[in-house]
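The chain contents come next:
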Amino acid sequence: MKREFLKSLNLDDKVIEQIMSKNGADIENVKKSFGDVDSIKQENESYKAQIAERDKDIKKLSKQVKDNDDLSNQFNELQNKYKVDTEKLEGKLQENKLNTSLNEVLNAAKVRNPKAIKGLLNMDDIKLNDKDELIGVNDQLEALKKSDSYLFDEGKKQSYNPGGGNGSNDKDDVQTLTNIFKGE
């Protein structure tokens, strides 16, 4: 949110400062709930680079292996090893995508503590579809909102008015005694 936009609404500078402060705090909370996005991106790029390097190795060996049985066996072993490694890396990429998408959904649901909510979710039912959209998380979040609403920031603020807190019901004993001595 930009200050210029708020000024165009003819808001007082103090009000603008309060809005910007609250907005800054919300942005920091979002950053905390996502974790280090740059490291996740860097890790994904590292996995992709490893897969590309292995594909190059396989192609290079396949050209060299034409008639040699030992090299053919070595090639087959490497190909199987790379296949297993590639499956593991792709699994980690999918896991990163799932965690990132889940963090986005939890943030949108205004979860107070994402780690606590993840512990309550049945992760076996949460999957990514072909469009990289989460399936199975919304029903679980709705159930948690009903059973454990304190885990979510509903934005409801209740005012606190204790009895006599505003001073209207308080007796002023000193003033009462002064009035008695004055004869009032």
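K.L.:
Could you give an account of helix α7 (residues 173–182), naming the residues involved and the relevant values?
P.N.:
Of all 10 residues making up α7, only zero are buried, and the element is barely covered by its neighbours. Just downstream of α7 lies G183, where phi reads positive at about 90°.

K.L.:
I'd like a rundown of the pattern of salt bridges, residues and numbers included.
P.N.:
Scanning all chains against the criterion turns up four salt bridges. For the salt bridge of E17 with R3, the shortest nitrogen-to-oxygen distance reads 3.2 Å. Taken as a pair, E17 in helix α2 (residues 13–34) and R3 in helix α1 (residues 3–8) lie far apart in primary sequence, 14 residues in all. Of the residues examined, E17 reaches a relative accessible area of 43% and is grouped as partly exposed. Residue R54 pairs with D85 through a salt bridge whose shortest N-O separation is 3.5 Å.

K.L.:
Go over the environment of N129 with me, naming the residues and quoting the values.
P.N.:
Note on placement: N129 falls in the loop between β1 (127–128) and β2 (134–135). Taking relative accessible area as the criterion, N129 reaches 22% and is therefore assigned partly exposed. Among the polar contacts listed, one links the side chain of N129 to the backbone nitrogen of K131, at a separation of 2.9 Å. Here E133 takes part through its backbone nitrogen, which lies 2.8 Å from a polar atom of the side chain of N129.

K.L.:
Outline helix α4 (residues 69–108), listing residues and values.
P.N.:
For α4, with 40 residues, the first-to-last C-alpha span of 58 Å sits near the 58 Å given by 1.5 Å per residue. Following α4 by one or two positions, K110 adopts a phi angle in the positive range, close to 60°.

K.L.:
Tell me about the side chain of T86, and name the residues and values.
P.N.:
Counting through the fold element by element, T86 comes out in helix α4. Here the side chain of T86 touches Y82 through a polar contact of 2.6 Å, landing on its backbone oxygen.

K.L.:
Describe the confidence of the model for the protein chain, with residues and values.
P.N.:
Put simply, the protein chain has an average pLDDT of 81, and 86% of its residues get 70 or more. Within the protein chain, helix α6 (residues 138–147) carries the highest mean pLDDT (87), whereas α2 carries the lowest (81).

Calculation notes
- Residues numbered from 1 in each chain as written.
- Predicted model: local features only at pLDDT ≥ 70, side-chain atom pairs only at ≥ 80, totals over all residues.
- Heavy atoms only, no water.
- Buried < 20%, exposed > 50% of the residue type's maximum accessible area, 1.4 Å probe, protein only.
- Helix = DSSP H or I, 4+ residues; strand = E, 2+ residues; numbered from the N terminus.
- Salt bridge = Lys/Arg side-chain N within 4 Å of Asp/Glu carboxyl O.
- Polar contact = N/O pair within 3.5 Å; in protein donor to acceptor, adjacent residues only side chain to side chain.
- Expected span 1.5 Å × (residues − 1).
- pLDDT = per-residue confidence, 0-100.

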